[in-house]
Amino acid sequence: MPLIEVTDIDDPRLNPYLRLTDRQLRSFVDPSRAQMICESAYVIEVALDTGYIPQSLFINSQHLATVSNILDRVTAVDRQIPIYTAPPQVMSKITGFAVTRGIFGCFPRPEERTCADVLDGLGTPSRVAVLEGQVDVSNVGAIFRSAAALGADAVLLSPTCADPLNRRSLRVSMGTVLQVPWARLPKPWPAAAIDLLHRHGYTCSALALDQEAIPLDDPTLAADPRLALFFGTEGPGLSPAALAACDRTVIIPMRHGVDSLNVAAASAVAFWQLCARR
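Residues numbered from 1 in each chain as written. Predicted model: local features only at pLDDT ≥ 70, side-chain atom pairs only at ≥ 80, totals over all residues. Heavy atoms only, no water.

Caption draft 1: Structural detail: the overall build of the protein chain. Each helix and strand counted, the protein chain has twelve helices and twelve strands in total. Over its C-alpha trace the protein chain gives a radius of gyration of 21 Å, about what one expects of a compact globule, namely 19 Å for 278 residues. Considered along the principal axes of its C-alpha atoms, the protein chain spans approximately 60 × 40 × 30 Å. Counting every position in the protein chain, which comprises 278 residues, the buried fraction comes to 48%. For the protein chain, the proportion of contacts with a sequence separation of at least 24, taken over those separated by at least 6, is 81%. Of the roughly 13,000 Å² of accessible surface on the protein chain, 53% is carried by carbon and sulfur atoms. Across the protein chain, 24 positive and 28 negative side-chain charges occur, with their mean positions spaced 3 Å apart. (Helix = DSSP H or I, 4+ residues; strand = E, 2+ residues; numbered from the N terminus. Rg over C-alpha atoms; globule rule 2.2 N^0.38 Å. Buried < 20%, exposed > 50% of the residue type's maximum accessible area, 1.4 Å probe, protein only. Contact = heavy atoms within 4.5 Å. Areas by Shrake-Rupley, 256 points an atom, 1.4 Å probe, with all protein chains shown as cover. Lys, Arg positive; Asp, Glu negative; His and termini not counted. Charge placed at Lys NZ, Arg CZ, Asp CG, Glu CD.)

Here it is in structure tokens:
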């Protein structure tokens, strides 16, 4: 297979890995040229399993033997895909940290779907997660991982949420962002989102601290054929507008005076109760 050794951190062929910002990778001007960066052999294998073909790979030369199965799969598709390698000391200068995962892949970014398209593709019963204002890409990735593992059918994002295809979000999600259906909800938020969900038959349930909230294990929740679970940001939680627009509030019963969980942990608990156990 053709391996291309890189010794210069200014090599323009490494721009997607090194110099392009997330916004540049998304290429709003020409979506057909948009890219995403997958880190780690596991995430790259998920991308390959899902049907994505890399535009290039970038590998720590000490890890070539450990990723030979990926190289075999990629070269079987197209032997002309560039495979860049660099020794550990050069790669750490390029990435800014010691690379332990050993491999990166640059893939074409999938075209984003509309919320209506995602919802139309779901059956009944179904459970969707709605994320409001999640700007922490690690939390977004962790929620996707829980959604995939515990059976949530889709993830919908408010207009201000972070990009799920950010390289860190992809890594934290273990590639599940490429497996779980997702879309960005329309503006104005939250009115357009609530209207869209209601038209598709969903009951909108806000995870929030509220005296009138019903507990997560309330039988009416499990019995609801179509349920949208709204999750807010760390600290403030859901906005007053989103809380007011939802049909009801739901609370996770807790002990020892603890009144909240990290949003990724809260989503996992909710998905276990309402998705995995249905």
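Caption draft 2: Focus on the side chain of H200. By the secondary structure assignment, H200 is in the loop between helix 9 (191–199) and strand 9 (203–207). Excluding anything up to four places from it in sequence, H200 contacts A116, L119, D120 and R226.

Caption draft 3: Just the nonpolar core, in detail. I44, L57, V155, L229, F231 and F271 are the most contacted members of the largest nonpolar core, which has 50 residues in total. If you tally residues by element for this core, the top one is helix 12 (residues 263–276), at seven residues. Residues contacting F271, with those up to four places away along its chain left out, are A129, I143, S146, A147, L150, A152, L229, F231 and A276. If you look at the next biggest cluster of nonpolar residues, it comprises 22 residues, including L122, L185, A206 and A228. (Core = buried A, V, L, I, M, F, W, Y, C linked by side-chain atoms within 4.5 Å.)

Caption draft 4: Summary view of the pairing of strand 3 (residues 56–60). Of all five residues in strand 3, five are buried; the element is thus mostly enclosed. Of the two faces of strand 3, the one holding S56, F58 and N60 and the one holding L57 and I59 are both buried throughout. Judged from the four bridges that link them, strand 3 and strand 5 (residues 103–108) form a sheet pairing that is antiparallel. Across the sheet, S56 pairs through a bridge with C106, a residue of strand 5. Bridge count between strand 3 and strand 4 (residues 83–86): four bridges; the pairing is parallel. Bridge assignment links L57 to a residue of strand 4, and that residue is I83. Crossover strand 3 to strand 4 through helix 4 (residues 68–77) is right-handed. (Pairing = 2+ DSSP bridges. Right-handed = clockwise from strand over helix to strand, strands pointing away.)

Caption draft 5: Structural context of empty space enclosed by the protein. The tally for this structure, following the rule as stated, stands at one cavity of 30 Å³ or more. A volume near 50 Å³ is recorded for the largest cavity. If you go around the largest cavity, the residues you meet are D22, L25, R26, Q35, M36, I37, R109, D163, L165, N166 and R167. At the level of elements, helix 2 (22–26) and strand 2 (35–39) are the ones that each hand at least two residues to the lining of the largest cavity. Looking at side-chain class alone, the lining of the largest cavity contains four nonpolar, two polar and five charged residues. (1 Å grid on protein atoms, 1.4 Å probe; cavity = no way out; pocket = protein on both sides within 12 Å on 5 of 7 lines; lining within 4 Å. Points joined across faces, edges and corners; volume = space filled by probe spheres on them. Nonpolar A, V, L, I, M, F, W, Y, C, P; charged D, E, K, R; others polar.)

Honestly, it's all geometry; don't read function into it.
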